[in-house]
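Chain by chain, the residues run as shown.
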Amino acid sequence: MIENFKNFSAFVSEEDPVKILLVGETYCDRSFRIERQNSDMMAFEYIIDGTGTLDIEGQHLVPEKEDVFFLKLGSNHKYSTDNDNPWHKYWIVFDGKLSTTMAELYLPRDTYLFKNCNVKKHFERIFQLSKENIGYEKMADAVTLELIRIFMYIRSRTEFDNESVAKTIKKKLDESVESPFNLDRLCASVNYSKNYIINIFKEEYGITPYQYYLERKIDTAKIYLMHTNISVGDISKMLYYADQQYFSTSFKKTVGCSPLEFRRRTRK
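Residues numbered from 1 in each chain as written. Predicted model: local features only at pLDDT ≥ 70, side-chain atom pairs only at ≥ 80, totals over all residues. Heavy atoms only, no water.

Visitor: Outline the pairing of strand β2 (residues 19-27), listing residues and values.
Guide: Extensive coverage of β2 is indicated by the burial of seven of its nine residues. Inspection of the sheet shows strand β1 (residues 2-7) paired to β2 by six bridges, in the antiparallel sense. Counterpart to Asn 4 in the pairing with β2 is Glu 25. Note that β2 and strand β9 (residues 88-95) share eight bridges and pair antiparallel. Bridging across to β9, Leu 22 finds its partner in Val 93. (Buried < 20%, exposed > 50% of the residue type's maximum accessible area, 1.4 Å probe, protein only. Helix = DSSP H or I, 4+ residues; strand = E, 2+ residues; numbered from the N terminus. Pairing = 2+ DSSP bridges.)

Right, here's the structure in full:
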């Protein structure tokens, strides 16, 4: 492993709104692995190249080229590089009241991986500033500006993507109506946390992803009942209901009549 970094922890003051602690660049080898419990650090890492895995607060994520991941203060996390395609990355460890406030205000809650971020120039600038002999205070002020730009980019990117994320989730639910509902798999497919995708989807459509999934199952059942001769029992199996009775009960609760009655009414 090749690592080039600067440690500024000896220069920070408790009064500093942003404390720049460590700045570095790492060419990982296959042995690279870090694990922390109740981490006493906050960090951004930008993947210049390669891929790897990040497990943080119960989420399994895959940071790769041009992604940014955030290590939250107090989090439990572990991350390691891929053996065949190791990471090359920039990283910065920071702290302070302003840092904590920016993280709370600018980053979506329970989200730690941000895909395809066009922020390499900001990390390059941070790394360059860390090597210049300009004094800690001047360096910290300049690096803080770059950090703010990174936070602002992620916020604007997230806000821009909110609608597309909700629509992506909706499309995936539409495509999986004849499959079991799996929230973990859905989260992994869009690289966002459960809380985040539930909130984003509800803001856009007024219901949770699971509620939408249930509605689409009933809509699909209606189509089969109206336009095919598939039995009620087979429809319940196709739509992954526990059994025919549960399907009939759910259908009647939503539609107001049993599946067989609905079929009779719509075929007159």
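Visitor: Describe the sheet that holds strand β3 (residues 33-36), with residues and values.
Guide: An order of β3-β8-β5-β6 is seen for the four strands of this open sheet, with the pairing classed as antiparallel. On the outer flanks of this sheet lie β3 and β6 (59-61), each paired with one strand and no other. Going across the sheet, the axis of each strand differs from the next one's by a mean of 5°, ignoring polarity. (Axes fitted to C-alpha atoms, helices over the stretch in contact; angles between N-to-C directions.)

Visitor: Provide a residue-level description of the packing of aromatic side chains, including the pertinent values.
Guide: Using the criterion set out here, one finds 24 aromatic pairs in the structure. Members of the aromatic cluster, joined through ring pairs, are Phe 44, Phe 70, Phe 94, Tyr 106 and Phe 151. When the ring centre of Tyr 241 is taken as origin, the NZ or CZ atom of Lys 217, which lies over that ring, is 4.3 Å away. (Phe/Tyr/Trp six-rings, centres within 6.5 Å; stacked < 30°, edge-to-face > 60°. Lys NZ or Arg CZ within 6 Å of the ring centre and 35° of its normal.)

Visitor: Give a description of the pattern of salt bridges that names residues and reports values.
Guide: Taken as a whole, this structure holds 12 salt bridges when the rule is applied. Here Glu 146 makes a salt bridge to Arg 149, at a shortest N to O gap of 2.8 Å. Taken together, the residues Glu 146 and Arg 149, both in helix α3 (residues 136-175) and three residues apart, mark about one turn of the helix. We classify Glu 146 as buried; its relative accessible area is 9%. (Salt bridge = Lys/Arg side-chain N within 4 Å of Asp/Glu carboxyl O.)

Visitor: Any details on helix α6 (residues 209-227)? Residues and values, ideally.
Guide: Look at α6: 27 Å from first C-alpha to last across 19 residues, which is about the 27 Å you get at 1.5 Å a residue. Within α6, the full set of buried residues consists of Pro 209, Tyr 212, Tyr 213, Lys 217, Ile 218, Thr 220, Ala 221, Tyr 224 and Leu 225. (Expected span 1.5 Å × (residues − 1).)

Visitor: How would you summarise the sheet that holds strand β7 (residues 68-71) if you had to cite specific residues and measurements?
Guide: Taking strand neighbours across the sheet as the criterion, the six strands line up as β1-β2-β9-β4-β7-β10 in an open arrangement whose pairing is antiparallel. Two strands close off the open sheet at either side, each with one partner strand: β1 and β10 (113-114).

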